[in-house]
Amino acid sequence: MARSSSSSSLGTTRTMLVVVLAVAVFSSPAAAAALCPQLEGIVRTEARAALQREIALAAGLLRIFFHDSFPQGCDASVLLKTSGKTEQTMGPNTTLQPRALQLIEDIRAKVHAACGATVSCADITALATREAVVASGGPTYAVSLGQLDSLAPASASDVNALPSPFTASVAQLLRAFRGRGLADAADLVALSGAHTIGRAICGFFQDRTTNPGNDAFVRKLKADCDTDPNRLQQLDVVTPDAFDNGYYRALNASQGAHQGPHHGPHRQAFAKSMAKLGSVPRKPAGNVGEIRRSCFRTNAGGETLLLQSAAAEGQAAASA
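Nothing here was measured: the structure is a model prediction, and the numbers come from that model.

## Focus: the overall build of the chain
Thinking step 1. Each helix and strand in the chain was counted, giving 13 helices and seven strands.
Thinking step 2. The buried share of the chain, taken over its 320 residues, is 45%.
Thinking step 3. Counting contacts in the chain only where the partners sit at least 6 residues apart, residues at least 24 apart contribute 72% of the total.
Thinking step 4. When the accessible surface of the chain is split by element, carbon and sulfur atoms take 54% of a total near 15000 Å².

Written as structure tokens, this is what we have:
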């Protein structure tokens, strides 16, 4: 560990310096294949086996990926479970699926056992989410590899910028998406389609059940929620476990727990928007962080180790 020390009448002051290293993070499927040729096969095998046991994990993985990527880029910050204020204790994330969170860590353990600590939890989350989409009948899409894991949770303000089920208007949703580099309205429509395999507790759609009127579907929702406010309601009542346009068909028939865009996107549009979601700009700027040896906590040690991508290191050297 690099240290500097000086003596004065106030005593000895020791200043811990941050060590900055270039690391062999991959930035393309070809680079990933070179560093960890088993990567995609391990993720696919482990994710598919878990999904066969419990298909509800697919919705859990999708939600984790969105809640991780939207606040400050895909950096696995939402996975941190260290003491103190973490993203999982913040309002939008208190209902993230624990079994899906654990699945990501289980896959990381398998990948690191095969390849060493060469793959980040952020990349594993992105790859596992794609497997969940494909296993549910959805399209495949490009995954941006080479993301490092953050050293700290996202701020409360960034987490609270996540679109809320209580957000009043489409205009507000569009502004939130534009603020994350998802400027095309088609991104909002396409990514809303992920609800096709989702479930939610009653509190997330109470705007639908407050005044049911003569709507038979909403009256049944209200009756079910009055009986058990914590019950899980299928958001796609047509084909709840299949990745298709059933969510939009239900909306057109006024049989959706949520209200939203009524016209489903093409599969290609969803694939394109998922790829863009994985590339939301990082905060702080640049691909800075580490490859965690546990997805749930930062790497322990006597010094603070700050890792940068090779590209960022090159820029730092050029300016020195």
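## Brief notes about the state of the cysteines
Thinking step 1. Here the structure, examined in full by the defined rule, presents two disulfides.
Thinking step 2. Two residues share a disulfide in this structure: Cys36 and Cys115, whose sulfurs sit 2.0 Å from each other. Taking the sign of the torsion about the S-S bond as the criterion, the disulfide between Cys36 and Cys115, at about 70°, is right-handed. With Cys36 in the loop between α1 (29–35) and α2 (39–53) and Cys115 in helix α4 (residues 98–115), this pair connects stretches of sequence that are 79 residues apart.
Thinking step 3. What pairs with Cys121 in a disulfide is Cys295, and their sulfur atoms sit 2.2 Å apart. Here Cys121 and Cys295 share a disulfide; its torsion about the S-S bond, -100°, makes the bridge left-handed. Linking Cys121 in helix α5 (residues 121–135) with Cys295 in the loop between β6 (288–289) and β7 (305–309), this pair joins segments that are 174 residues apart in sequence. The exposure classification of Cys121 matches that of Cys295, with both residues buried.

## So, the side chain of Arg292
Thinking step 1. Residue placement: Arg292 occurs in the loop between β6 and β7.
Thinking step 2. One buried charge, Arg292, has no salt-bridge partner; the nearest side chain with opposite charge is Glu290, at 4.5 Å.
Thinking step 3. Of the polar contacts made by the side chain of Arg292, one reaches the backbone oxygen of Ala76; its length is 3.0 Å.
Thinking step 4. One polar contact links the side chain of Arg292 to the main-chain carbonyl oxygen of Ser150, over a distance of 3.0 Å.

## Some points on the pattern of salt bridges
Thinking step 1. Using the criterion set out here, one finds nine salt bridges in the structure.
Thinking step 2. For the salt bridge of Glu40 with Arg130, the shortest nitrogen-to-oxygen distance reads 2.9 Å. Of the two residues, Glu40 is situated in helix α2 and Arg130 in helix α5; the sequence distance between them amounts to 90 residues.
Thinking step 3. With relative accessibility at 29%, the residue Glu40 sits in the partly exposed group.
Thinking step 4. Note that Arg180 and Asp158 form a salt bridge whose closest N and O atoms lie 3.6 Å from each other. In this pair, Arg180 sits in the loop between α7 (170–178) and α8 (185–192) while Asp158 sits in helix α6 (residues 156–159), placing the two residues 22 residues apart along the sequence.

Cut-offs applied
- Residues numbered from 1 in each chain as written.
- Predicted model: local features only at pLDDT ≥ 70, side-chain atom pairs only at ≥ 80, totals over all residues.
- Heavy atoms only, no water.
- Helix = DSSP H or I, 4+ residues; strand = E, 2+ residues; numbered from the N terminus.
- Buried < 20%, exposed > 50% of the residue type's maximum accessible area, 1.4 Å probe, protein only.
- Contact = heavy atoms within 4.5 Å.
- Areas by Shrake-Rupley, 256 points an atom, 1.4 Å probe, with all protein chains shown as cover.
- Disulfide = S-S within 2.5 Å.
- Lys, Arg positive; Asp, Glu negative; His and termini not counted.
- Salt bridge = Lys/Arg side-chain N within 4 Å of Asp/Glu carboxyl O.
- Polar contact = N/O pair within 3.5 Å; in protein donor to acceptor, adjacent residues only side chain to side chain.

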